[in-house]
Amino acid sequence: MLRYLTSGESHGKSLIAILEGMPSNLYINVENINRELFRRQQGYGRGDRMKIEKDNVNILSGLRGNITIGSPIAIEIRNKDYENWKEYMKTIGEIDLQSKKVTKARPGHADLVGTLKYDFEDVRNVLERASARETAIRVAIGAICKEFLSNFNIDFTSHVVQIGKQKIKNNFSFNYIKEKSEISQVRCVDENFEKLFIDEIKRGKYEGDSLGGVFEIRIKNVPLGLGSYVHYDKKLDSVLSAHLMSIQGIKGVEFGLGFEIAFLRGSLVQDEIYYSNEKGIYRNTNNLGGIEGGVSTGEEIIIRCVMKPIPTLYKPLNSIDVNTLENYKASIERSDNCAVPAASVVAENVCAFVIAKFFIDKFSGDNMNDIIKNYKSYMERLEGRGWKKGI
Ligand SMILES: Cc1cc2nc3c(=O)[nH]c(=O)nc-3n(C[C@H](O)[C@H](O)[C@H](O)COP(=O)(O)O)c2cc1C
Ligand SMILES: C=C(O[C@@H]1CC(C(=O)O)=C[C@@H](OP(=O)(O)O)[C@H]1O)C(=O)O
């Protein structure tokens, strides 16, 4: 079973993670991991922290000469900003507890609930871990999973489809081709929309406000049969949703036509099934986004997530001092004012972990050769049943 744990505070020394369950003899290209980390740092609307950080992964164990050896993989990303925070954040020894103390909770962040739940007088003890800085290490984990999945041609893309009021309509009809884009660094859809998105973010920023939006993830070449209908925790869509909802700021997840489905009759929604000698079993539509009964259908998996506007506002909202209970405006930490493009990169990599986990569960093997053999023999069996969308 593939699993991982992460640790690390936003302004602490490092983010770290241990990934356990990766098969042996998998080649890892560190440049690919660093490229994902770079992508996560991009996008219009990010704050000044991204000018300080230049995320790179250190692989501490679990590989020899770029090849996995089946043991747990320990990874680290150093926080460059730690140099500026040492005297407040070092784990052992005397620290300055006053200068960076935060007491005015930001609505929408974990500040109030975390402070009361864990019994702190300093909100910093909460925000350091609640911060989406943690998503950097999750991207590194996902990027390792992408390395594994690329052996089976499984490919992830994402792009922004809505920022604030600016929404790409009928986004199903767009082609997802372009690599370059300031807004997304992911394959963006249309330059005109990119400009509208950027203008919307600029307007929000000018007014001291923040923005959310919607992004879409597409996963190609997932074989038919990952996940199961037999139990709630084996359903691929349920596990993907849980992992996506765990990304800071994500408030909703939909598959395929998603919430639009409510407007449509069944005859327009279900993806009808056909067979021809040439194509084998096939469908002409993919309204359900590549999952039926918690099982991948072999079609592209299409997911959309909504991210709420960033909680830290430069025109702060009403709140209280958590210690004196007096009314105050919320505190202002340096902040992004829109992070939807970054969140879409995080989401891609979070999905990569889930798909890798289900893939390894299905084609179980301790090493790449066994997994490849199991995968091929399964695909051959499906071919015998009329499924020709092969390897
Ligand atoms: C990539 C990324 C960057 C974020 N940057 C900020 C930020 O700069 N300031 C902020 O207040 N929230 C930011 N957030 C959102 C908060 O971390 C999030 O709203 C908070 O942890 C509370 O969690 P919840 O919104 O899931 O309830 C960011 C989220 C992501 C995914
Ligand atoms: C550090 C990252 O995002 C941070 C997420 C974040 C939050 O509250 O979630 C608050 C900000 O932290 P800081 O106050 O240090 O600028 C963001 O920069 C990152 O994405 O790597």
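Residues numbered from 1 in each chain as written. Chains lettered and ligands numbered in written order. Predicted model: local features only at pLDDT ≥ 70, side-chain atom pairs only at ≥ 80, totals over all residues.

- Looking at an unreviewed UniProt entry, one finds the protein chain named Chorismate synthase, with Tepidibacter thalassicus DSM 15285 as its source organism.
- Under Catalytic activity (unreviewed entry), UniProt gives the following word-for-word description of the protein chain: "5-O-(1-carboxyvinyl)-3-phosphoshikimate = chorismate + phosphate".
- Per UniProt, the protein chain has the following entry under Pathway (unreviewed entry): "Metabolic intermediate biosynthesis; chorismate biosynthesis; chorismate from D-erythrose 4-phosphate and phosphoenolpyruvate: step 7/7." (UniProt positions renumbered as here; feature names shortened; annotations may be inferred.)

### Description of the site of ligand 1
Okay, so step 1: Around ligand 1, 21 residues are found, and the nearest of them are Ala132, Gln248, Thr312, Asp336 and Ala339.
Okay, so step 2: Counting residues per element, the shell around ligand 1 draws most heavily on helix α10 (residues 340-362), at three residues.
Okay, so step 3: Taken together, the residues of the shell around ligand 1 break down into ten nonpolar, nine polar and two charged. (Near = placed C-beta within 6 Å. Helix = DSSP H or I, 4+ residues; strand = E, 2+ residues; numbered from the N terminus. Nonpolar A, V, L, I, M, F, W, Y, C, P; charged D, E, K, R; others polar.)

### Structural notes on the sheet that holds strand β3 (residues 58-61)
Okay, so step 1: Spatial strand order, β1-β2-β6-β3: four strands in an open sheet with antiparallel pairing. Strand pairing shows two members of the sheet lacking a second neighbour, β1 (3-7) and β3, which therefore form its edges. Going across the sheet, the axis of each strand differs from the next one's by a mean of 20°, ignoring polarity.
Okay, so step 2: Each of β1, β2 (14-20) and β6 (73-78) touches helix α6 (residues 135-150); the most contacted strand, β2, lies at about 30° to it. (Pairing = 2+ DSSP bridges. Axes fitted to C-alpha atoms, helices over the stretch in contact; angles between N-to-C directions. Contact = placed C-beta atoms within 7 Å.)

### Considering helix α8 (residues 236-245)
Okay, so step 1: Leu236, Asp237, Leu240 and Leu244 are the residues of α8 that are buried. Taken down its axis, α8 places every buried residue within 90° of arc, on the same side.
Okay, so step 2: Of the surrounding secondary structure, the elements contacted by the buried residues of α8 are β10 (250-255), β13 (291-292), β14 (295-296), β15 (301-307) and α10. (Buried ≥ 20, exposed ≤ 12 C-beta atoms within 10 Å, placed from the backbone. Arc of directions from axis to C-beta.)

### Considering the UniProt feature "binding site: FMN" (unreviewed entry) in the protein chain
Okay, so step 1: On the UniProt side, "binding site: FMN" (unreviewed entry) is annotated at positions that read Arg129, Ala130, Ser131, Gln248, Gly249, Gly293, Lys308, Pro309, Ile310, Pro311, Thr312 and Arg334 here. For the residues just named, distributed over 206 residues, the greatest C-alpha separation reaches 43.9 Å, placing them at more than one site.
Okay, so step 2: By the element assignment, arginine 129 lies in helix α5 (residues 124-130).
Okay, so step 3: Here arginine 334 shows up in the loop between β17 (327-329) and α10.
Okay, so step 4: Its 11 C-beta neighbours within 10 Å are what place arginine 334 among the exposed residues.
Okay, so step 5: Apart from the residues within four sequence positions on either side, arginine 334 is in contact with Gly47, Asp48 and Arg49.

### Focus: the pairing of strand β12 (residues 280-283)
Okay, so step 1: Here strand β11 (residues 273-276) pairs with β12 via four bridges, running antiparallel. In the sheet register, isoleucine 273 faces β12, and the bridge partner there is arginine 283.
Okay, so step 2: Taking the residues that link successive antiparallel strands as the turn, the β11-β12 hairpin has three residues.

### Details of the sheet that holds strand β8 (residues 166-167)
Okay, so step 1: Across the sheet, which stays open at both edges, the five strands sit in the order β8-β7-β9-β15-β10 with antiparallel pairing between neighbours. In this open sheet, the two strands that pair with only one neighbour each are β8 and β10.
Okay, so step 2: Direction of pairing for strand β7 (residues 155-163) relative to strand β9 (residues 213-220): antiparallel, over a ladder of eight bridges. Bridging across to β9, valine 160 finds its partner in phenylalanine 215.
Okay, so step 3: In this fold α10 packs onto β7, β9, β10 and β15, with an angle of close to 145° to the strand it touches most, β7.

### Focus: unusual backbone geometry
Okay, so step 1: With a phi close to 75°, asparagine 66 is a non-glycine residue in the positive phi region.
Okay, so step 2: Look at asparagine 66 and you get exposed, because 11 C-beta atoms sit within 10 Å.

### Focus: the pairing of β7
Okay, so step 1: Extensive coverage of β7 is indicated by the burial of seven of its nine residues.
Okay, so step 2: Between β7 and β8, which pair antiparallel in sequence order, lie two residues; one of them, glycine 164, sits at a positive phi of approximately 50°.

### A look at the UniProt feature "binding site: NADP(+)" (unreviewed entry) in the protein chain
Okay, so step 1: Mapped onto the present numbering, the UniProt feature "binding site: NADP(+)" (unreviewed entry) falls on Arg40 and Arg46.
Okay, so step 2: Of the residues examined, arginine 40 has 29 C-beta atoms within 10 Å and is grouped as buried.
Okay, so step 3: Sequence-distant contacts of arginine 40, that is, excluding residues within four places in its chain, are made with Thr135, Ala136, Val139, Ala342, Val345 and Val346.
Okay, so step 4: Checked against the element boundaries, arginine 46 lands in the loop between α1 (30-41) and α2 (49-52).
Okay, so step 5: According to the C-beta neighbour criterion, arginine 46 is partly exposed, with 19 such atoms within 10 Å.

### What about the environment of valine 346?
Okay, so step 1: Relative to the elements of secondary structure, valine 346 occurs in helix α10.
Okay, so step 2: With 29 C-beta atoms packed within 10 Å, valine 346 lands in the buried category.
Okay, so step 3: Spatially, the C-alpha atoms of valine 346 and glutamate 36 are 8.8 Å apart, while their sequence positions differ by 310 residues.
Okay, so step 4: Those residues in contact with valine 346 that lie beyond four places of it in its chain are Arg40, Thr135, Arg138, Val139 and Ile247.

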